[in-house]
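Chain by chain, the residues run as shown.
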Amino acid sequence: MTATYTFDVFSTLDGYGRPSSRDWGGYWGKQGPELLDYRLSLYEAEQRMVFGANTYRMFAQIPAGIEHDPWVTRMRNLPATVVSTTLDGPLDWPDATVVSGDAVDVVTRLKQESEVPLRSHGSMSLNRALMAAGLVDRVQVTLFPVITGQTGDHPIFQGAADFDLELLGSRTLDDNIQELIYRPTLHV
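This section reports on the structure supplied with the text. This structure is a prediction, so every number in the text was calculated from the model and none was measured.

So, how was this worked out
- Residues numbered from 1 in each chain as written.
- Predicted model: local features only at pLDDT ≥ 70, side-chain atom pairs only at ≥ 80, totals over all residues.
- Heavy atoms only, no water.
- Helix = DSSP H or I, 4+ residues; strand = E, 2+ residues; numbered from the N terminus.
- Buried < 20%, exposed > 50% of the residue type's maximum accessible area, 1.4 Å probe, protein only.
- Expected span 1.5 Å × (residues − 1).
- Arc of directions from axis to C-beta.
- Phe/Tyr/Trp six-rings, centres within 6.5 Å; stacked < 30°, edge-to-face > 60°.
- Lys NZ or Arg CZ within 6 Å of the ring centre and 35° of its normal.
- Core = buried A, V, L, I, M, F, W, Y, C linked by side-chain atoms within 4.5 Å.
- Contact = heavy atoms within 4.5 Å.
- Pairing = 2+ DSSP bridges.
- Axes fitted to C-alpha atoms, helices over the stretch in contact; angles between N-to-C directions.
- Parallel < 35°, antiparallel > 145°, perpendicular 65-115°, else oblique.
- Nonpolar A, V, L, I, M, F, W, Y, C, P; charged D, E, K, R; others polar.

## A word on the environment of Arg 22
Next up, step 1: Positionally, Arg 22 belongs in the loop between strand E2 (16-19) and helix H1 (33-44).
Next up, step 2: Among the residues examined, Arg 22 registers a relative accessible area of 82% and is labelled exposed.
Next up, step 3: Taking C-alpha positions, Arg 22 is 9.5 Å from Thr 151, a pair spaced 129 residues apart along the chain.

Laid out in structure tokens, this is it:
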């Protein structure tokens, strides 16, 4: 049995993963209770998180004692694999391991061995490589109603291969946030 792998990412309409300035705030200031409840429901099921080093560092930098949104707290308590050649264990994460090596090889093995689905939130460069290798089963984009042409940072698909996308599902949250779930296929 092969575990499914979901690349879960937040995006602006113009394709940025986060603003470069803090004046937007988290979720670009657009979150509401429906989004936060839905995010928590996504993380209630057993699954294994997969992160690259940079995304792991970003989540690990959140100081202890800071109250997280419930879905982030849940995510931090799921088992995680961090794919990195620059980090050593142990990690400041309840159930995380560092695996050194080529991300494609690591995730290929995880998909074969895991008894639960795999999910990665963020980790743009890691997931671009995994998509190119055909290892991403679903791209789950939460699209926030903003354009950050001047302040956008972390372009999600910059440098990615070309893909055809099959829409598997969509929903609207808090009247203006779109979630789109696609099955990517390398465009040849």
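## Quick look at H1
Next up, step 1: Between the first and last C-alpha of H1 there are 17 Å, a value that for 12 residues agrees with the 16 Å anticipated at 1.5 Å per step.
Next up, step 2: What H1 keeps buried is the set Leu 35, Tyr 38, Arg 39, Leu 42 and Tyr 43. One side of H1 holds all its buried residues, which, seen down the axis, span an arc of 135°. With respect to the buried face of H1, the exposed residues turned more than 90 degrees away are Pro 33, Asp 37 and Glu 44.

## Points about the packing of aromatic side chains
Each aromatic ring pair is summarised here by two numbers: the centre-to-centre distance and the angle between the ring planes.
Next up, step 1: Per the stated rule, a full pass over the model turns up 11 aromatic pairs.
Next up, step 2: Members of the aromatic cluster, joined through ring pairs, are Phe 10, Tyr 27, Trp 28, Tyr 43, Trp 71 and Phe 144.
Next up, step 3: Seen from the ring of Trp 93, Arg 76 lies directly overhead, with NZ or CZ sitting 4.7 Å from the centre.
Next up, step 4: Against the face of Tyr 43 rests Arg 119, its NZ or CZ located 5.4 Å from the ring centre.

## Things to note about the nonpolar core
Next up, step 1: With 27 residues, the main nonpolar core has Phe 51, Tyr 56, Met 75 and Trp 93 as its most contacted residues.
Next up, step 2: Elements supplying a minimum of two residues to this core: H1, strand E3 (48-52), helix H2 (53-60), helix H3 (70-76) and strand E4 (80-83).
Next up, step 3: Excluding residues within four positions of it along the chain, Trp 93 makes contact with Phe 51, Tyr 56, Phe 59, Met 75, Arg 76, Leu 78 and Ala 80.

## Observations concerning the sheet that holds E3
Next up, step 1: Reading across the sheet, the eight strands line up as E5-E4-E3-E6-E1-E7-E10-E9 and stay open at both edges, with mixed pairing between neighbours. If you trace the sheet from one side to the other, it starts and ends with strand E5 (96-99) and strand E9 (163-173), each paired once. Mean inter-strand twist for the sheet, computed between neighbouring axes without regard to direction, equals 25°.
Next up, step 2: When strand E7 (residues 138-144) meets strand E10 (residues 177-186), the two strands line up antiparallel, connected through five bridges.

## What to know about the packing of helix H4 (residues 103-113) against helix H5 (residues 124-132)
Next up, step 1: Between H4 and H5, the shortest axis-to-axis distance is 10 Å and the interhelical angle comes to 70°. With respect to H5, the axis of H4 lies roughly perpendicular. In this structure, H4 contributes Ala 103, Val 104 and Val 107 to the contact, and H5 contributes Leu 126, Ala 129 and Leu 130.
Next up, step 2: A breakdown of the residues in the contact of H4 with H5 according to their chemical character gives six nonpolar, no polar and no charged.

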